[in-house]
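The residues making up each chain are set out below.
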Amino acid sequence: MSKLLRKPLQETIDDGVTLVHEVSGQNSDLKYVGFKVVDVKKGAKYEQTLEKEECCIVALTGKINVTEGDHHFSDLGRRDNVFEKKPTDSVYVSNDRTFEVEAVTDARVVLCYSPSEKQLPTKFIKAEDNGVEHRGKYSNKRMVHNILPDSDPSANSLLVVEVYTETGNWSSYPPHKHDQENLPDESFLEETYYHEMDPPQGFVFQRVYTDDRSLDETMTVENGNVVLVPAGYHPVGVPDGYSSYYLNVMAGPERIWKFHNDPDHAWVLDRD
Ligand SMILES: O=C(O)C[C@@H](O)[C@H](O)C(=O)CO
C-alpha cells in the first residue's frame, strides 16, 4: 500500500460520531496540512478545542449547526450528495478556540487544519460566497468551488477548494506542483485530496511525482480515499463513465497558490 494513499478508518470516537479520516503531523510527514472527516449521526455532536491550529469546517453532506463562543450558525449544508454539484456552507475557526458541530441530519463533515498563532474572526463562509470556476477544454474539463481561496484573507494559512472532473477527463493537469519556496514563480504548499466518485464503485488514478522521480507513485483511488501530496506533481485521471469529486486542502509557509507546470507536459495548454 502506498504511504500517500489513505483508506477510510470507520472508527467510532463518540456516540453517533465516526472518524472516517485523520491526517496529522503524528501519522504523516505533513507539517502544514491536517485533515479529518467525521460522520455525525442526526442529533449527535462533535466538539474540539483547537490548540495552535486554525480549522475550516465544511458541511460536506447533510445539515449541521456549528457553535463557537457566541457564534451560532444553524442548518448549514446544502446537499445530500456532493454530486448534486452545488456549493456548500463552511465555517472558519481560528486557533485556541473551541467549536461544536451538531448534526441536524446525518452528516459528513470535513475538518481542514493548519498551524496558526494569530487569531482571526470566526467566519461563516456561505455556499453563495464560493467562487465557481469552469476550467479547461478538450479532456481537461473541471468545475471548481473556491471555499477558501488565497484571494480571501479570512485564514492565516488554509486554502480549501472543491473540484469536479467530468467523466473521461483529467484535472490537476497538465501536471503541476507547488513544492518550492520560490515566489513569485512558485509557492510551497502541502496538499491533501479527499476523493469521491459517481457512481461510487468508480475509481480514479492519481500520480504524485517529482522531477528527479525520488517520489513517483501512481495510485488507484477509490470512493472516500485520501491522497497526501507532500511534494511533486499530482495529476488525476478519471475513467470513462465515472465522475470525480475531490476536496483539496493546501497550506504552507505563505498563503499563496502559485504552481509550476511540468515543462514536459505544459504544451497541452498551447493547443487551439
Ligand atoms: O485541476 C484543477 O484545476 C484543480 C487543481 O488545481 C487542484 O485544486 C490542485 O491541484 C491544487 O494544487
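Numbers given to residues run from 1 along each chain, matching the order in which its sequence is written. The predicted nature of this model means local features are confined to residues of pLDDT at least 70 and side-chain atom pairs, given and counted, to a pLDDT of 80 or more, with totals for whole chains, interfaces and linings taken over all residues. Note: side-chain values were computed over all heavy atoms of the structure, leaving out hydrogens and water.

Caption draft 1: Fine view of the site of the ligand. Residues in contact with the ligand amount to 15 residues; listed here are only the nearest, R135, R142, S172, H178 and N248. Throughout this description, a polar contact denotes any pair of N or O atoms lying within 3.5 Å of each other; where both atoms belong to protein, one of them has to be capable of donating a hydrogen while the other can accept it, and for residues adjacent in sequence the pair is counted only when both atoms sit in side chains. Between an oxygen atom of the ligand and a side-chain N or O atom of H176, the distance comes to 2.9 Å. Taking H178, its side chain carries an N or O atom lying 2.8 Å from an oxygen atom of the ligand. Here the ligand loses 98% of its free accessible area of 320 Å² to cover by the protein chains. Detection works on a 1 Å grid of protein atoms alone, calling trapped sets that fit a 1.4 Å probe cavities and calling open sets with protein on both sides within 12 Å along at least five of seven lines pockets, with lining residues defined by an atom within 4 Å of a point. Grid points define the cavity or pocket, and a molecule sits in it when more than half of its atoms lie within 2 Å of them. The cavity where the ligand resides is the largest pocket. Helix and strand assignments follow DSSP, with helices taken as H or I runs no shorter than four residues and strands as E runs no shorter than two, numbered in order from the N terminus. At three residues, strand β25 (residues 243-251) tops the list of elements feeding residues into the shell around the ligand. We call a residue near a given molecule or strand whenever any one of its heavy atoms falls within 4 Å of it. Each accessible area is a Shrake-Rupley estimate made with a 1.4 Å probe; only the visible protein chains count as cover when residues are assessed.

Caption draft 2: Spotlight on the sheet that holds strand β7 (residues 64-68). The strand order across the open sheet formed by four strands is β5-β10-β7-β8, and the pairing between neighbours is antiparallel. Looking along the sheet, the strands with just one partner apiece sit at the ends: β5 (45-49) and β8 (71-76). Each neighbouring strand pair of the sheet contributes to a mean axis angle of 10°, computed without reference to strand direction. A strand pair is defined by DSSP finding two or more bridges across the two strands. Axis lines are fitted to C-alpha atoms, over the contacting stretch for helices. Their N-to-C directions set the angle, which ranges from 0 to 180 degrees.

Caption draft 3: Local environment of the pairing of strand β23 (residues 226-229). Burial of the side chains of β23 extends over both faces: V226 and L228 are buried on one face and V227 and V229 on the other. Pairing of strand β1 (residues 5-6) with β23, which is carried by two bridges, proceeds in the antiparallel orientation. Note on β23: the bridge partner recorded for L5 is V227. Note: strand β20 (residues 190-198) against β23, four bridges, orientation antiparallel. Buried, partly exposed and exposed residues are distinguished by accessible area as a fraction of the type maximum, computed with a 1.4 Å probe on protein chains only: under 20%, between the cut-offs, and over 50%, respectively.

Caption draft 4: Examining the pattern of salt bridges more closely. Salt bridge, as used here, is a side-chain nitrogen of Lys or Arg placed within 4 Å of a carboxyl oxygen of Asp or Glu. According to the stated counting rule, one finds 17 salt bridges in the structure shown. For the salt bridge of K36 with E22, the shortest nitrogen-to-oxygen distance reads 3.9 Å. Of this pair, K36 sits in strand β4 (residues 34-40) while E22 sits in strand β3 (residues 17-23), and the two are 14 residues apart along the sequence. Judged by relative accessible area, which is 12%, K36 ranks as buried. E162 is the salt-bridge partner of R79, the closest N and O atoms lying 2.4 Å from each other. Of the two residues, R79 sits in the loop between β8 and β9 (90-93) while E162 sits in strand β15 (residues 159-165), which places them 83 residues apart along the sequence. Assigned by exposure class, R79 and E162 land together as buried. Look at the salt bridges and you will find they share partners, linking R78, D89 and E128 into a network.

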